[in-house]
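# Structural features, examined
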Amino acid sequence: MSSLTSAPQTEPAAPPGGDGAPVVQLKGVSKTYPGGEVPAVDKMDLTIQEGEFFSILGSSGSGKTTTLRMIAGFEQPTRGSVVLDGVDATGVPPYRRDVNTVFQNYALFPHMKVEANVAYPLKMAGTPKGEIKPRVAEALERVSMTGFEKRLPHQLSGGQRQRVALARALIGRPRLLLLDEPLGALDLKLRENMLLVLKHLQREVGITFIYVTHDQGEALAMSDRLAVMNGGYVEQLATPTEIYERPATSFVAGFIGKSNLLECDRTASNNATAGKMPLVLSETPGETKFTLSIRPETIVVGEESRSLANHYEAVVGDVLFLGHEREVMVDCGDQRLILRAGPNSYSPGDPIEFGWNPDNAVVVKATGSWLQQQQDA
Amino acid sequence: MAAAAARRLEPITALPRRIPSPVRKFLILTPVLLWILALVILPNVFLVSYSLWKNELGAVAHVWNLHNYSELFTSHVFITLLKRTLLIAMISTACATLIAYPLAYVVVTKFGRYKTLAALLIIIPLWVSYLMRIFAWKIILGEHGVLNGLLESVGLIDKPSTAFLYSTTTVIVTLTYVAIPYVFLSSYTSLDRVPRHYYEASADCGASAWRTFRHVIWPLTRPGVAIGFAIGFVLTFGDYVTPAMVGGLSGTMLGSIVLQSFGTADNWPQGAAIGVTIIAAGLLVLALVSVFTRLEAEID
């Protein structure tokens, strides 16, 4: 087992999305809750590597928390198996798994002082008394909570409780740390701060993190790889850059950041129309009807756009002032698009010209079919 | 300028504040105070007064003295009864707790969405008249009762036994039964208040179900159990119906002689003195129990 303190020496630096031994493998895992008809998680296959910061991103009801709870052992899959460290752990109770969880509501024991809460996993593991105290001190120092040993949880703020929960989850030096929307209850400033703490901590201890969130910003900022879930399925599993730049499905394109989704009909191998808008494509889509995703920030606004293969003139609809930029909605034929106007100011009704490089438009699949395709392959 | 600014700031400190006057506070509290006065303080003042007055051939003489108490505590019969009553109440409440708390634990942790129904079924006996419930035990334990019939038909005994009824054990069994719903209710409430994620967090930290119970669930629910125990104790300690119906001579408790003193013996001061003793014993137990209602926050 790796040591919290000596992690940098004993373990190689975590390779982002590296190819070490898989810490977690989900094999065809499905979960249907008693009384439920639609599975919360459906035929899920997932492999998570040693030292990875892996995120599961999805809206509520997407099955992300169920997936996490099956890895922790709080829920048993209806079908399929959960493999931890190469050993089939399906049916193994949570307390026998080398996995720790940071709960959304912290779940600190209210009758124990901070030090007792943090020492709890060690006490349960039968760690010698003399060893417990220094390790508690060390764990609290790691999360900058030294000096709070004698406080009770209710005497701490939300952010402080979160740190204590983190210290408690890490003190047993687990192979795997699960974080269930750990920052959900914190305010924005604290959340940003805790993001850095978490990221730093993960690099330092080299433990595999599985981070469940509905916040796409958190997931993109933190992860080596992330899985986007929707309706019990994984819509896409890739690095944050890939997910942002090459969304696989219309759901991913819409869920992560903003995107213009155009319903297109293919007219030639590299040409299509979206309603009345003619389009030039960089690739030949497999089907005659498809969806095209174009990120607003890849659309060039103004005279520079004239040299691009896709160039349009339109009328400004609405303008949203967002502080660092202006978001302009334009009506182009029968399509409505969102553009980033940068410093240029536009008013509703102004003429506007814009365009994009065909390379920046991505053909995305209809929701859900990405997984189907992976399974068929 | 500075002086002007200072003057402009002045009125802020002088803003009219709405201070609730003592009269207002008193008016709000009046109904509660009246209630406490009429139903708690006055009756107890009367009780204590009676216990300090003198009995003269059935009539109450308003002479202040401690005679009733000195008589009680020098009486061999009273001391025996006091000890027995304490013992019976302690044992039956302890038994009730040992049954009701695990029952509540199982109901809360294993019954899922049927736990409310299960809890309701357990406390439903409370809706049946107290007297009926005690009488049912008479039917079960009596000479021609259910238990004797069962043992006879199985062949464990030859002829009906009279040993089951009219003894200290009978009283303990019956009072245990009486106390169970109360201890259960209190235990159930406190167990039900422990959120699911404490069990999960403890399991996540490597604790088995037993150690989760010992280190997390028990410390958090102990106050509820203590309160349930206190209610059960107070109920059983002052009871006179059960001893009268199933206790016989060896099952007589303090409550029975309170009834006698106020009734047939027509000695109200002495009855009051016994009553005060019962209350004092109850308060003593409550004080002991309150030590256990404190949430501990320790690390060893």
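For the structure, see preceding data.
This section reports on the structure supplied with the text. Keep in mind that this is a model prediction, so the values were computed, not measured.

So, on to the overall build of chain B. Each helix and strand in chain B was counted, giving 13 helices and two strands. The C-alpha radius of gyration computed for chain B amounts to 27 Å, which surpasses the reference 19 Å derived for 300 residues by more than 25%, pointing to a less compact arrangement than a globule. Projecting the C-alpha coordinates of chain B onto the three principal axes gives extents of approximately 110 × 65 × 40 Å. Classification of the 300 residues of chain B by burial places 32% in the buried group.

The next thing to look at is the pairing of strand β18 (residues 335-340) of chain A. Residue and element names in this part refer to chain A. Two elements, strand β17 (residues 326-332) and β18, share six bridges in a ladder whose sense is antiparallel. The residue of β18 that forms the bridge with Met329 is Ile338. In textbook terms, the turn of a hairpin is the stretch between consecutive antiparallel strands, and for β17 and β18 this stretch comprises two residues, one of which, Gly333, has a positive phi near 65 degrees.

The next subject is helix α2 (residues 64-72) of chain A. Residues and elements named next belong to chain A. Most of α2 sits out of view: nine of its nine residues are buried. Of the positions making up α2, those classed as buried are Lys64, Thr65, Thr66, Thr67, Leu68, Arg69, Met70, Ile71 and Ala72. Once α2 finishes, Gly73 follows within two positions and takes phi at roughly 100 degrees, a positive value.

Turning our eyes to something else, we now look at the interface of chain B and chain A. Listed as interface residues are 18 residues of chain B and, on the opposing side, 24 residues of chain A. Secondary-structure elements contributing two or more residues to the side of chain B that touches chain A are α9 (196-204) and α10 (209-237) of chain B. For the side of chain B that touches chain A, the element with the most residues is α9(B), which contributes six residues. For the side of chain B that touches chain A, the class distribution of residues is 11 nonpolar, three polar and four charged.

Okay, the sheet that holds strand β14 (residues 289-294) of chain A next. All names here are of chain A. Taken together, the five strands give an open sheet; going across it, the order is β13-β12-β11-β14-β20, and neighbouring strands pair in antiparallel fashion. Whereas interior strands pair on both sides, the edge strands pair on one side only; in this sheet they are β13 (277-280) and β20 (361-364). On average, each strand axis in the sheet is tilted by 40 degrees relative to the strand beside it, whichever way the strands run. For strand β12 (residues 271-274) and β13, the ladder comprises four bridges, and the chain directions are antiparallel. Counterpart to Asn271 in the pairing with β13 is Val280.

Criteria and cut-off values
Residues numbered from 1 in each chain as written. Chains lettered and ligands numbered in written order. Predicted model: local features only at pLDDT ≥ 70, side-chain atom pairs only at ≥ 80, totals over all residues. Helix = DSSP H or I, 4+ residues; strand = E, 2+ residues; numbered from the N terminus. Rg over C-alpha atoms; globule rule 2.2 N^0.38 Å. Buried ≥ 20, exposed ≤ 12 C-beta atoms within 10 Å, placed from the backbone. Pairing = 2+ DSSP bridges. Contact = placed C-beta atoms within 7 Å. Nonpolar A, V, L, I, M, F, W, Y, C, P; charged D, E, K, R; others polar. Axes fitted to C-alpha atoms, helices over the stretch in contact; angles between N-to-C directions.

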